[in-house]
Amino acid sequence: MAQPAQRVDAVIVGAGFAGLYMAHRLDGLGFSLQGFEAGSAVGGTWYWNRYPGARCDVESMEYSYQFSEELQQEWEWTERYAGQPEILRYATHVADRFDLHRHFEFDTRVTEAVFDEDEDVWTIRTDTGRTVAARFCIMATGCLSSANTPAFPGMETFAGEVYHTGRWPHEGVDFSGKRVGIIGTGSSAIQAIPVIAREAAHLTVFQRTPNYSIPARNGPLDPDVQRAIKAEYPEFRARNSLMPGALGVQATMREMAAVDDDPDARRRDYEERWGIGGFAFLMGYEDLLINPESNDTAADFVREKIAEAVRNPDVAALLSPHNVIGCKRPCLDTGYYETFNRDNVTLVDISNAPVEEITPTGLLVDGVGYDLDCIVCATGFDAMTGTLQRIDIRGRGGRSLKEKWAAGPRTYLGLGVAGFPNLFTISGPGSPSVLTNMMVSIEQHVNWIADCVGHLRSEGIATIEATEPAEDEWVAHVNDVAGETLYPTCNSWYLGVNVPGKPRVFMPYIGYPPYVEKCDEVAAKGYEGFALRA
Ligand code: NA7
């Protein structure tokens, strides 16, 4: 076999927010590194998800890096929730400011990562024919980066254009005068639908499961608010990191069960939170995702709001979810339900009769044909494990990660995997990741990994590897915690249920901020649960 052309201390896969900061930290520690990114530029999620209306659901003052005081002071956000173009500008600014582009090779997808047990080295190969040998292989591949496009029969026969929200054309799409069909009513669709409806001649929404959506109440960010936060940004960040999910620091929380509150007071509270907008709506009572009766009080409130917003009661009923609110990541919207009052918008329920076929002229459901010029698949992602499993990752004994995870992901802390020494997964399954403000979780993981590899270097340690018992215990713990909540009660991508054939396992860890303490404790005890070999 040809010798690898390049040897580095670390390979980083992905130039989203995780990969960028990882490169910054490792470079600062003097490690040599090579990054690879499938896209043509930095930004990760915000590079790919350019669909109309794409916007973050975490407020911009919270959804940003905190590692540089100068950066957080100088960057000016313009809206309460930043839109995709602004976040992408921010990612580009960070890469320029910290000179990070030079670490990455773009338009390059990593296809293979193989561990050599004799040399303690990873060999990483790409679809451009590059081979790099590295001591550490760091996956900064994102949790929602493999688009899920269901194999609808006849898809290839469609005469018009088919788009996926997570792979949106960079030049944008002009829907004016077009008959557009959108499949899916998750977060992406709920953001895109009001925007597409204003542009298209007609929009038909194909809904399998209705979703709860809370008004974002987005708008220009008040300069006084921005100034006040910046005046004490480190303290603001510190408070934020103590919130469950590291977000919503402005929201008030009470240690109280929703069912125990006086019904009028509870209603007033929901009304107030609905008016404020955002995830604060689900942060008022501590048992909303534990006690079904408490959860019903919030779900009933939203169903009432849907009935008020949508004029046609049949349409309102179809848009009203009946599962647990919050067991799927709640959507934040701007005028979503009201969009169904428009004459040019039709809702088609496909809960009992799925999309039968895509034909040259449109889509067939339950024997009824819908003529369309374009189809938008807002059908989500093979979340958390999809991207990692698309890379042929092989650890000790040539064992593949895909094989190891056949019954669901197994990690220790979502950071390391037994049998895969010196492999790190930033915001990997088994970590709080998608249940948190990703920016905070990313920084926490990157800092932990950077400190860890720095420690290994100074102690002359060649490999770090999660032990089987520590991993078994952690996997069981992740499951136990999820089992005590209402999260596993609905078919969410947290459970992998949206992808046919994927094992039903709750993948993220519910428990931020205690998780951070656990990671710190593990490090303080000499990386307890990991085997360190000289
Ligand atoms: P989601 O939340 O996974 O939503 C995907 C939507 O597509 C959802 O409504 C699905 O219905 C629907 N879907 C998926 N497959 C099909 C098929 N085969 N037929 C019909 N409908 C289908 O993805 P998003 O991109 O909206 O959001 C992902 C995350 O990004 C979000 O949570 C935020 O964190 C940001 P289902 O509910 O499965 O019945």
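Residues numbered from 1 in each chain as written. Predicted model: local features only at pLDDT ≥ 70, side-chain atom pairs only at ≥ 80, totals over all residues. Heavy atoms only, no water.

Caption draft 1: Summary view of the pattern of salt bridges. Here the structure, examined in full by the defined rule, presents 31 salt bridges. A salt bridge links Arg25 to Asp451; its shortest N-O distance comes to 3.5 Å. Separated by 426 residues along the polypeptide, Arg25 in helix α1 (residues 17-28) and Asp451 in helix α14 (residues 438-459) bring together distant segments of the chain. When the shortest N-O distance is used, the salt bridge between Arg267 and Glu304 registers 2.9 Å. Here Arg267 is found in helix α8 (residues 263-276), whereas its partner Glu304 is found in helix α9 (residues 292-309), with 37 residues between them in sequence. Classification of Glu304 by relative accessible area gives partly exposed; the value is 36%. Here the residues in one salt-bridge network are Arg267, Glu271, Glu304, Lys305 and Glu308, joined through shared partners. (Salt bridge = Lys/Arg side-chain N within 4 Å of Asp/Glu carboxyl O. Helix = DSSP H or I, 4+ residues; strand = E, 2+ residues; numbered from the N terminus. Buried < 20%, exposed > 50% of the residue type's maximum accessible area, 1.4 Å probe, protein only.)

Caption draft 2: Quick look at the packing of α8 against α9. Relative to each other, α8 and α9 sit at 55 degrees, their axes nearing to 11 Å. With respect to α9, the element α8 is oriented oblique. Here the hand of the crossing between α8 and α9 comes out right-handed. Seen from α8, the contacting residues are Arg266, Arg267, Tyr270, Glu271 and Trp274; seen from α9, they are Ser294, Thr297, Ala298, Phe301, Val302, Glu304 and Lys305. Residues belonging to the contact of α8 with α9 are distributed by class as follows: 5 nonpolar, 2 polar and 5 charged. (Axes fitted to C-alpha atoms, helices over the stretch in contact; angles between N-to-C directions. Parallel < 35°, antiparallel > 145°, perpendicular 65-115°, else oblique. Left-handed = near helix turned anticlockwise from the far one by under 90°. Contact = heavy atoms within 4.5 Å. Nonpolar A, V, L, I, M, F, W, Y, C, P; charged D, E, K, R; others polar.)

Caption draft 3: Seen up close, the site of the ligand. Taken together, 19 residues sit near the ligand, with Thr185, Ser188, Arg208, Thr209 and Lys328 positioned nearest. Separating an oxygen atom of the ligand from a backbone N or O atom of Ser187 is a distance of 2.9 Å. Taking Thr209, its side chain carries an N or O atom lying 2.4 Å from an oxygen atom of the ligand. Contact with the protein chains removes 87% of the 770 Å² of surface that the ligand exposes when unbound. Its residues assigned to classes, the shell around the ligand shows 8 nonpolar, 8 polar and 3 charged. (Near = heavy atom within 4 Å. Polar contact = N/O pair within 3.5 Å; in protein donor to acceptor, adjacent residues only side chain to side chain. Areas by Shrake-Rupley, 256 points an atom, 1.4 Å probe, with all protein chains shown as cover.)

Caption draft 4: The side chain of Lys305, seen in detail. Here Lys305 shows up in helix α9. The class for Lys305 is buried, based on a relative accessible area of 13%. Apart from the residues lying within four places of it in its own chain, the contact partners of Lys305 are Glu271 and Trp274.

Caption draft 5: Region of the structure containing the packing of α14 against helix α16 (residues 514-524). Orientation of α14 relative to α16, taken along the N-to-C sense of each, is 5 degrees, at an axis distance of 11 Å. Between α14 and α16, the interaxial angle falls into the category roughly parallel. Within the contact between the two elements, α14 uses Gln444, His445 and Trp448 and α16 uses Tyr515, Val516, Cys519, Val522 and Ala523. Split by residue class, the contact of α14 with α16 holds 6 nonpolar, 2 polar and no charged.

Caption draft 6: Here's a closer look at the nonpolar core. By size, the foremost hydrophobic cluster in this structure holds 140 residues, and its most contacted members are Phe17, Phe175, Phe281 and Trp448. No other element matches α14, which puts 10 residues into this core. Aside from chain neighbours lying at most four places away, what touches Phe17 is Trp46, Tyr63, Tyr65, Ile87, Tyr90, Ala91, Met439 and Ile442. (Core = buried A, V, L, I, M, F, W, Y, C linked by side-chain atoms within 4.5 Å.)

Caption draft 7: Representation of the pairing of strand β2 (residues 33-36) in the model. Side chains Leu33 and Gly35 of β2 all project onto a buried face; the interleaved residues Gln34 and Phe36 project onto the opposite face, where all are buried too. The sheet contact formed by β2 and strand β3 (residues 104-105) spans 2 bridges and is parallel. Note on β3: the bridge partner recorded for Phe36 is Glu105. (Pairing = 2+ DSSP bridges.)

Caption draft 8: Spatial organisation of α1. Here α1 contains 12 residues, and its C-alpha end-to-end distance of 17 Å stays within 8% of the 16 Å for a straight helix at 1.5 Å per residue. When α1 is considered as a whole, its buried residues turn out to be Phe17, Ala18, Gly19, Leu20, Tyr21, Met22, Ala23, Arg25 and Leu26. Just past α1, the residue Gly30 takes up positive phi, approximately 80 degrees. (Expected span 1.5 Å × (residues − 1).)

Caption draft 9: Structural context of the packing of aromatic side chains. Summed over the entire model, instances satisfying the criterion amount to 40 aromatic pairs. Ring geometry for Phe136 versus Phe424: centroids 6.2 Å apart, planes at 40 degrees, classification tilted. One end of the pair, Phe136, is in strand β6 (residues 131-139); the other, Phe424, is in strand β18 (residues 423-425), with 288 residues separating them in the sequence. When its relative accessible area of 2% is taken as the criterion, Phe136 is described as buried. Residue classification places Phe424 among the buried residues on the basis of a relative accessible area of 2%. Aromatic pair Trp448 and Phe530: ring centres 5.7 Å apart, planes at 40 degrees, arrangement tilted. Taken together, the positions of Trp448 in helix α14 and Phe530 in strand β20 (residues 530-533) put the pair 82 residues apart, joining distant regions of the chain. Here the two residues Trp448 and Phe530 agree in accessibility, since each one is buried. Taken together, the aromatic side chains of Phe17, Tyr21, Trp46, Tyr63, Tyr65, Phe67, Trp75, Trp77, Tyr90 and Phe98 make up a single cluster linked through ring pairs. Directly above the aromatic system of Tyr47 lies the positively charged group of Arg50, at a separation of 4.9 Å from the ring centroid. (Phe/Tyr/Trp six-rings, centres within 6.5 Å; stacked < 30°, edge-to-face > 60°. Lys NZ or Arg CZ within 6 Å of the ring centre and 35° of its normal.)

Caption draft 10: Inspection of the sheet that holds strand β13 (residues 355-359) at higher detail. With respect to topology, 3 strands assemble into an open sheet ordered β13-β14-β15, the strand pairing being antiparallel. Pairing within the sheet leaves two strands with one partner each, and these edge strands are β13 and β15 (368-371). Within the sheet, the average angular offset between the axes of one strand and its neighbour, ignoring direction, is 25 degrees. Pairing analysis gives 4 bridges linking β13 to strand β14 (residues 362-365), with the strands arranged antiparallel. Paired with Val355 across the two strands is Val365, which belongs to β14.

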